[in-house]
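Geometric and topological summary
What follows is the residue order along each chain.
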Amino acid sequence: MKKKVLLWMMALMWVLVCPAMAATGANGEDDEDPMQVFVGKQYIDLQMKDLNGQTHRLSEFVGKGKWVLIDFWASWCGPCRAELPELVKVYQAFHSNGFEVVGISLDDDAQAWQKAVKKMKLSWHHLSDLKGWESKAVETYKVFGIPTNLLVNPKGKIVASNIELEDLADKLNEVLGF
């Protein structure tokens with residue numbers, strides 16, 4: 001009886017562990033960025049509300065002749081908040097030369113979202129449907145974790161996903177002629 005239980009437990013572990021290893025690689029790191037499938041394609045428009053409850057479309061900010069970083073984040077996300085001060089610096093350095101950021105929050109609490117934006121002095125456009133992980137943005141852009149982002153060129157084509165902020169600054173220097 002003990003052998004049967006042990007064999008069943010081993011089989012169950014095999015079924016549970018192998019797919020996870022296949023998805024993330026044997027070393028536990030992601031082999032592929034799920035958002036990479038969007039690189040080279042036009043962005044997909046979304047409709048969400050801003051911090052004041054006004055409805056906006058992503059197309060109001062993207063594909064209008066500027067480089068745009070679509071930044072997926074949430075007020076409760078520690079890693080998001082840790083990298084935001086660096087994004088503020090990149091935004092300040094390049095905004096006047098044709099760079100925008102649109103923050104898409106995965107918050108479900110409007111007050112927490114508004115408070116974080118104010119406290120961290122995030123002066124770019126912010127959108128959310130306040131549905132957390134049930135957000136239309138999560139479904140549309142295959143957001144499996146945050147922070148994450150998409151870099152969109154002036155014509156609305158996605159040119160990078162999950163770009164590190166140092167690489168973003170280098171890319172903006174390159175494309176904006178610095």
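The paragraphs below set out a description of the structure included in this document. (Residues numbered from 1 in each chain as written. Predicted model: local features only at pLDDT ≥ 70, side-chain atom pairs only at ≥ 80, totals over all residues. Heavy atoms only, no water.)

This part is about the overall build of the chain. Check the secondary structure of the chain and you find 5 helices and 7 strands. Each helix (α) and strand (β) of the chain, taken in turn from the N terminus, gives the series α-β-β-β-α-β-α-β-α-β-β-α. Across the 178 residues of the chain, 40% fall into the buried class. Restricting the contact set of the chain to residue pairs at least 6 apart, pairs at least 24 apart contribute 68%. When the accessible surface of the chain is totalled, it reaches about 10,600 Å², and 56% of it is carbon and sulfur. (Helix = DSSP H or I, 4+ residues; strand = E, 2+ residues; numbered from the N terminus. Buried < 20%, exposed > 50% of the residue type's maximum accessible area, 1.4 Å probe, protein only. Contact = heavy atoms within 4.5 Å. Areas by Shrake-Rupley, 256 points an atom, 1.4 Å probe, with all protein chains shown as cover.)

With that out of the way, let us pick up a negative patch on the surface. A cluster of acidic side chains, namely E164, E166, D167 and D170, defines a negative patch on the protein surface. Here D167 lies in helix α5 (residues 165-175). The class for D167 is partly exposed, based on a relative accessible area of 42%. (Patch = residues over 30% accessible without salt bridge, like charges linked within 9 Å, V, L, I, M, F, W, Y side chains within 5 Å. Salt bridge = Lys/Arg side-chain N within 4 Å of Asp/Glu carboxyl O. Lys, Arg positive; Asp, Glu negative; His and termini not counted. Charge placed at Lys NZ, Arg CZ, Asp CG, Glu CD.)

Quick look at the sheet that holds strand β3 (residues 67-73) now. Sheet strands pair via backbone hydrogen bonds, and the direction of the pair is either parallel or antiparallel. Pairing in this open sheet of 5 strands is mixed, and the strands run β5-β4-β3-β6-β7 from one edge to the other. What marks the edges here is a single partner per strand, and that holds for β5 (125-127) and β7 (158-161). The mean angle between the axes of side-by-side strands here comes to 20°, regardless of whether they run parallel or antiparallel. Strand direction decides the pairing type here: strand β4 (residues 99-105) and β5, joined by 3 bridges, are parallel. Its bridge partner being in β5, I104 is matched across the sheet by L127. (Pairing = 2+ DSSP bridges. Axes fitted to C-alpha atoms, helices over the stretch in contact; angles between N-to-C directions.)

This part is about the packing of aromatic side chains. Two aromatic rings, taken as a pair, are described by how far apart their centres are and by the angle between their planes. In total, this model carries 4 aromatic pairs according to the counting rule given. With 5.2 Å between their ring centres and 70° between their planes, Y91 and W124 make a pair best called edge-to-face. Here Y91, found in helix α2 (residues 78-94), pairs with W124, found in the loop between α3 (110-119) and β5; they are 33 residues apart in sequence, far enough to count as distant. What makes W124 buried here is its relative accessible area of 6%. (Phe/Tyr/Trp six-rings, centres within 6.5 Å; stacked < 30°, edge-to-face > 60°.)

Let's shift gears to α2. Between its terminal C-alpha atoms α2 stretches 25 Å, which fits the 24 Å expected from 17 residues at 1.5 Å a residue. The principal kink in α2, of about 35°, is found at L84, preceding the proline P85 by one to four residues. Within the span of α2, buried status applies to C80, L84, L87, V88, V90, Y91 and F94. (Expected span 1.5 Å × (residues − 1). Bend = angle between axes of the 7 residues up to and from the residue.)

Once that is clear, we can look at the pattern of salt bridges. Per the counting criterion, the structure on display carries 5 salt bridges. One salt bridge connects D45 with R57, and the closest N-O pair in it is separated by 3.0 Å. Separated by 12 residues along the polypeptide, D45 in the loop between α1 (2-24) and β1 (47-49) and R57 in strand β2 (residues 55-57) bring together distant segments of the chain. Here E139 makes a salt bridge to K136, at a shortest N to O gap of 3.9 Å.

Let us now look at the pairing of β3. On any regular strand, side chains alternate: one points to one face of the sheet, the next to the other face. The buried count for β3 comes to 7 of 7 residues, which makes it a mostly enclosed element. Where burial is concerned, the two faces of β3 agree: the one with W67, L69, D71 and W73 and the one with V68, I70 and F72 are both buried. At this point the chain moves from β3, through α2, to the parallel β4, and the crossover so formed is right-handed. Bridge count for β3 against strand β6 (residues 148-152) is 5 bridges, and the pairing is antiparallel. Paired with F72 across the strands is T148, a residue of β6. (Right-handed = clockwise from strand over helix to strand, strands pointing away.)

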